[in-house]
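Working through the structure, step by step
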Amino acid sequence: MGWTELLLGALLLGVLTSAIVAIGWLVLFQRNRREARALRLRWPSAEECPPHRYEDLPDRGTWARDALEDPLPVAEASWTLEEQPEPWRRRMATLGQRFRDHGVADVTLVHGTFVGTDPLALLQAVDRLPGIDLGLQARVAPILRGATDRLLADHSNFPTPYAPLLQAATGVPSAVFYWSSENGHVARLRAAVRLARHLAARLESRPKRARMLLVGHSHAGQVFALLLHLRDGVRHAPQLIAIARRVGEDGAQLMADLAVLRSRGLDLVTLGTPVRYGWPDRERGRLLHLVNHRGEEPLAGGLQGILSTQAGDYIQQLGIAGSDLPSADPELRALEAELDEPLGPGWAPRAWLENLKHRRRVPDGGFTWLVDYGDAAENGRPNLHLTGLGHAIYTRRATMAYWAEKAAERFYA
């Protein structure tokens, strides 16, 4: 082969390579431009959704008091439907029929902080080390979840048998959504993005008019709030999407999932969720909060009764703005700081102490039942290990029928 042929071959190879690179850049450019255009079109004049102001009192008509008296007994030693008492099975079947009659095709349960798949972010920290690909999150997360179930059972936790029992009792497909459960903005944002994927995937096989019921314990309520920030397009939604992409979430998939969720109905129940992130106006009628509370006023009690759970849920009272844990990763700490403005302070001890003074119990948005769950120690002796500081009662199988009843009353009357 002569020099002419070699030169011509090299020239053709260069042209082909350039064409492939140009096409690749064009496809990437068009995709990014479509995503940017979608953001502009969906949020041209979005509403504000600021975090809660703790010094404000809740509006009249947004809360009421109740007491959990004589709950239906359950078989505490069993998670099978057949072994549950007949009155409980009959009541749950009736509630399930109401759910289905009103188009509820799916129930998703979401756990709170520190009971998930990577509560201290240790697994993902190891997986991010350069030159190391152990896949610890995929390997260890199921083991960690199993240990949590054995340790906590249904105290502040939706154990593995919870969703199957709920599904068998109501006839409505049910599942638990798991997330890292870290105590920070970024982890909750990632959970919201992945929850959108979870819900959109489950909706693929559901009727077009199907509704979904979401039930979240503790900071799962903040995950719900962020999901609505994204879906309803509050003013800082593009910032949330940008940060989610910076931590590795798929922006294009998120946009597709949010489009699916905008066409369906979501009903949300929070259990002991601390007052923190704001709720968009659009969803306030489909939002219900249950809070363990004792007292005439809609304010949290003093901390002097914390050891015997005298005033209700102290974790709901303490887990407010400023109570997050700082990330050990400098890059994540910087992202957390970026989210402080739209979501409220994350790690801020001074702000936390100042916020605690106001004893805010009832959030803005939705309706709140302040419920005396009856878990205070009658003799004043310490019972925090049994009650989880008043935060464990919501996920007990003995109170499953109660939150289902309240959801039916609020959404499916």
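Here, the structure is the one placed above.
Residues numbered from 1 in each chain as written. Predicted model: local features only at pLDDT ≥ 70, side-chain atom pairs only at ≥ 80, totals over all residues. Heavy atoms only, no water.

Here the focus is the overall build of the protein chain. For the protein chain, the count of helices and strands is 14 helices and 7 strands. Taken across its 413 residues, the protein chain has 51% of its residues classed as buried. A fraction of 82% describes how many contacts in the protein chain between residues 6 or more apart in sequence connect residues 24 or more apart. (Helix = DSSP H or I, 4+ residues; strand = E, 2+ residues; numbered from the N terminus. Buried < 20%, exposed > 50% of the residue type's maximum accessible area, 1.4 Å probe, protein only. Contact = heavy atoms within 4.5 Å.)

Next up on the list: the layout of surface pockets. The calculated volume of the second largest pocket comes to roughly 420 Å³. Considering the residues around the second largest pocket, the lining is formed by 23 residues, among which Thr113, Phe114, Ser218, Ile315 and His391 are closest to the centre. If you list the elements that add at least two residues to the lining of the second largest pocket, you get helix 10 (314–318) and helix 13 (384–387). A total of 4 residues in the lining of the second largest pocket trace back to one element, the largest contributor, which is helix 13. Taken together, the residues of the lining of the second largest pocket sort by class into 9 nonpolar, 14 polar and no charged. (1 Å grid on protein atoms, 1.4 Å probe; cavity = no way out; pocket = protein on both sides within 12 Å on 5 of 7 lines; lining within 4 Å. Points joined across faces, edges and corners; volume = space filled by probe spheres on them. Nonpolar A, V, L, I, M, F, W, Y, C, P; charged D, E, K, R; others polar.)

Remark on secondary structure: sheet strands pair via backbone hydrogen bonds, oriented parallel or antiparallel. Taking strand neighbours across the sheet as the criterion, the 7 strands line up as 1-7-6-5-4-2-3 in an open arrangement whose pairing is parallel. Strands at the two margins of the open sheet, each flanked by one partner only, are strand 1 (63–67) and strand 3 (174–177). Strand-to-strand twist of the sheet, defined as the mean angle between neighbouring strand axes without regard to direction, takes the value 20 degrees. For strand 4 (residues 211–217) and strand 5 (residues 265–271), the ladder comprises 7 bridges, and the chain directions are parallel. Paired with Leu213 across the bridge in strand 5 is Asp267. Where helix 5 (residues 162–170) meets the sheet, it contacts strand 2 (104–110) and strand 3, and its direction lies at approximately 155 degrees from that of strand 3. (Pairing = 2+ DSSP bridges. Axes fitted to C-alpha atoms, helices over the stretch in contact; angles between N-to-C directions.)

Okay, the side chain of His229 next. Positionally, His229 belongs in helix 7 (residues 220–232). When its relative accessible area of 0% is taken as the criterion, His229 is described as buried.

What follows is about the packing of aromatic side chains. Counted by the stated rule, this structure contains 7 aromatic pairs. With a centroid separation of 5.4 Å and an interplanar angle of 75 degrees, the aromatic rings of Tyr373 and Tyr394 are classed as edge-to-face. Of this pair, Tyr373 sits in the loop between strand 7 (367–372) and helix 13 while Tyr394 sits in the loop between helix 13 and helix 14 (400–411); the two residues are 21 residues apart in sequence, bridging distant segments of the chain. For the pair Tyr373 and Tyr394, a shared accessibility class is recorded, and that class is buried. Three or more aromatic residues joined by ring pairs make a cluster, and in this case those are Trp79, Phe158 and Tyr162. Here Arg397 stacks its cationic end above the ring of Trp79, 3.7 Å away from the centre of that ring. (Phe/Tyr/Trp six-rings, centres within 6.5 Å; stacked < 30°, edge-to-face > 60°. Lys NZ or Arg CZ within 6 Å of the ring centre and 35° of its normal.)

With respect to the secondary-structure elements, Lys208 resides in the loop between helix 6 (185–203) and strand 4. For the pair Lys208 and Gly265, spaced 57 residues apart in sequence, the C-alpha separation works out to 9.8 Å.

A full pass over the atoms with the stated rule returns 1 cavity of 30 Å³ or more. The computed volume of the largest cavity comes to approximately 70 Å³. In this structure, the largest cavity is lined by 14 residues; those nearest its centre are Thr273, Pro274, Trp279, His289 and Pro363. Taken together, the residues of the lining of the largest cavity break down into 6 nonpolar, 6 polar and 2 charged.

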